[in-house]
Amino acid sequence: MAIAIFFIAAAMAVAGGIGVISFRQPIRSVLSLVVVMIALSILFLLLSAQFIFVAQVIVYAGAVMVLFLFVIALLGPAREIGRGRLRFQTALSALFVLALFGLLWAMLQGVQFRQPDQTTDMSVFGTVQSIGLGLFTRFLYPFELTSILLLVAAIGAIYLSRREGDDR
Amino acid sequence: MPSTSAVAKATIDEIPTMSGFDAGGSQLDTSWFLFLAAILFILGTIGVLIRRNPLVILICIELMLNAANLTLVAFSRQLQNLDGQLFALMSMTVAAAEAVVGLAILVDIFRHRDAEDIDDLSEMKG
């Protein structure tokens with residue numbers, strides 16, 4: 001059962017990823033990315049990461065993708081026309097990407113994964129309770145720092161997207 | 001003939017718990033998830049290399065970040081250590097901040113001129 005779900009979600013993710021890079025119109029790329037996000041959230045559930053699953057659906061498939069759609073709606077439909085100035089770019093990038101994939105694939109061959117140090121209670125693994133416990137005790141400083149990061153990003157976005165006459 | 005305690009244990013194991021997929025998830029090999037993450041990362045890399053539209057390049061970067069997240073969560077499951085999931089949450093936040101700032105810069109560029117091709121934005125080449 002779990003194996004069937006894994007392969008369905010994996011096929012969805014790969015198909016969405018191919019869609020992201022092959023559609024000409026950016027809006028179709030964004031919608032393909034939503035498919036990838038949903039498939040990945042299913043995989044997170046299979047990996048017993050329930051909280052990450054919820055965050056993936058809300059933050060990524062919800063907020064970030066809506067942001068991309070808003071920007072596309074703002075900028076108007078733009079199709080990619082013509083080719084780049086570098087003539088061999090596609091062939092060259094295919095070569096490099098194949099080399100990178102070969103490296104990754106070779107690295108995954110015959111890996112002995114480390115076994116868990118201590119047995120964890122898997123019935124609470126990845127629940128909101130355990131995530132919150134980790135986030136507010138051991139990871140408190142990184143957690144607060146991400147809030148500062150989000151504040152800086154919000155201020156930067158407001159500054160960048162103001163109109164010209166507005167700087168008083 | 002199995003002993004009664006073994007039968008009772010088997011029955012208890014079949015009861016779905018809160019983490020319903022947990023029992024089935026343990027049959028899944030970690031390397032499958034890593035392989036899928038590698039494929040998704042490679043697809044994102046291809047997109048960054050061959051697409052011309054800066055917006056699509058941002059989308060492809062999001063795809064690569066998601067592949068990295070999948071790796072983190074897969075190893076978190078393999079080592080039964082929650083740190084990987086917490087780090088995946090952090091990287092999700094960083095990805096959201098990156099998307100916001102990148103899109104704001106793009107909107108600012110598009111306001112001044114049309115930049116349909118990433119090669120037009122080469123003033124900082126030096």
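The structure displayed is predicted, hence computed values, not measured ones. (Residues numbered from 1 in each chain as written. Chains lettered and ligands numbered in written order. Predicted model: local features only at pLDDT ≥ 70, side-chain atom pairs only at ≥ 80, totals over all residues.)

Another aspect to go through is the overall build of chain A. Helix and strand content of chain A: six helices and zero strands. Secondary structure of chain A in N-to-C order comes out as α-α-α-α-α-α. Compactness check: chain A gives a C-alpha radius of gyration of 21 Å against a globular reference of 15 Å for 168 residues, more than 25% above the reference. Here the C-alpha coordinates of chain A stretch approximately 60 × 50 × 30 Å along the principal axes. Counting over 168 residues, chain A shows a buried share of 26%. In chain A, of all internal contacts separated by at least 6 residues, the share reaching a separation of at least 24 is 55%. (Helix = DSSP H or I, 4+ residues; strand = E, 2+ residues; numbered from the N terminus. Rg over C-alpha atoms; globule rule 2.2 N^0.38 Å. Buried ≥ 20, exposed ≤ 12 C-beta atoms within 10 Å, placed from the backbone. Contact = placed C-beta atoms within 7 Å.)

With that settled, the discussion passes to the overall build of chain B. A count of helical and extended segments in chain B gives five helices and zero strands. Helices and strands appear in chain B in the N-to-C order α-α-α-α-α. Of the contacts made within chain B by residues no fewer than 6 positions apart, 46% connect residues no fewer than 24 positions apart.

Now for the environment of Ala2(A). Within the secondary structure, Ala2(A) sits in helix 1 (residues 2–22). Once the C-alpha coordinates of Ala2(A) and Gly76(A) are considered, the two residues, 74 residues apart in sequence, prove to be 42 Å apart.

Another point: helix 4 (residues 89–108) of chain A. One turn of an α-helix holds 3.6 residues; hence residues three or four places apart share an orientation. For helix 4 of chain A, built from 20 residues, the straight-helix expectation of 28 Å at 1.5 Å per residue is met to within 8% by its first-to-last C-alpha distance of 28 Å. Where helix 4 of chain A terminates, the next one or two residues include Gly110(A), which has phi positive at roughly 65 degrees. (Expected span 1.5 Å × (residues − 1).)

Turning our attention to unusual backbone geometry. A positive phi angle, near 50 degrees, is found at Ser48(A), a position not held by glycine. Among the secondary structure elements, Ser48(A) is positioned in the loop between helix 2 (26–46) and helix 3 (50–75). Residue classification places Ser48(A) among the buried positions, given that 27 C-beta atoms sit within 10 Å. Phi angles above zero are rare outside glycine, and Gln80(B) is one such case at about 50 degrees. Position of Gln80(B) relative to the elements: it lies in the loop between helix 4 (54–79) and helix 5 (83–112).

Below, the discussion takes up the environment of Ala88(B). The residue Ala88(B) is located in helix 5 in this model. Overall, Ala88(B) belongs to the buried group, with 25 C-beta atoms counted inside 10 Å. Along the primary structure Ala88(B) and Ala68(B) are separated by 20 residues, whereas in three dimensions their C-alpha atoms are 8.4 Å apart. Aside from chain neighbours lying at most four places away, what touches Ala88(B) is Ile52(A), Asn69(B), Leu72(B) and Val73(B).

Residue-level contacts link 66 residues of chain B with 73 residues of chain A. Of all elements in the fold, only helix 2 (22–25), helix 3 (30–50), helix 4 and helix 5 of chain B reach the threshold of two or more residues within the side of chain B that touches chain A. The element contributing the most residues to the side of chain B that touches chain A is helix 5 of chain B, with 20 residues. A per-class count over the side of chain B that touches chain A returns 43 nonpolar, 15 polar and eight charged. (Nonpolar A, V, L, I, M, F, W, Y, C, P; charged D, E, K, R; others polar.)

Time to look at helix 3 of chain A. Taking 1.5 Å per residue as the helical rise, helix 3 of chain A with its 26 residues ought to reach 38 Å, and the 36 Å between its terminal C-alpha atoms agrees with that figure. Along its length, helix 3 of chain A reaches its greatest deviation from straightness, about 30 degrees, at Gln56(A). Of all the positions in helix 3 of chain A, only Gln50(A), Phe51(A), Ile52(A), Phe53(A), Ala55(A), Gln56(A), Tyr60(A), Val64(A), Phe68(A) and Val71(A) are classed as buried. Of the surrounding elements, those touching the buried residues of helix 3 of chain A are helix 2 and helix 5 (128–136) of chain A together with helix 4 and helix 5 of chain B. (Bend = angle between axes of the 7 residues up to and from the residue.)

To continue, consider the packing of helix 2 of chain A against helix 3 of chain A. Residues and elements named next belong to chain A. Interaxial distance between helix 2 and helix 3 falls to 8 Å at its minimum, and their mutual angle equals 175 degrees. Comparing their axes, helix 3 and helix 2 come out roughly antiparallel. In this structure, helix 2 contributes Pro-26, Ile-27, Val-30, Leu-33, Val-34, Met-37, Ile-38, Leu-40, Ser-41, Phe-44 and Leu-45 to the contact, and helix 3 contributes Gln-50, Ile-52, Phe-53, Gln-56, Val-57, Tyr-60, Ala-61, Met-65, Phe-68, Leu-69 and Ile-72. Classifying every residue of the contact of helix 2 with helix 3 gives 19 nonpolar, three polar and no charged. (Axes fitted to C-alpha atoms, helices over the stretch in contact; angles between N-to-C directions. Parallel < 35°, antiparallel > 145°, perpendicular 65-115°, else oblique.)

Take the confidence of the model for chain B next. All names here are of chain B. Model confidence for chain B is summarised by a mean pLDDT of 80, while 78% of its residues fall at 70 or above. Across residues 7–24, confidence stays below pLDDT 50; counting only partners more than four residues off in sequence or on other chains, it has 18 contacts. Model confidence for the complex is summarised by a pTM of 0.84, with the ipTM given as 0.88. (pLDDT = per-residue confidence, 0-100.)

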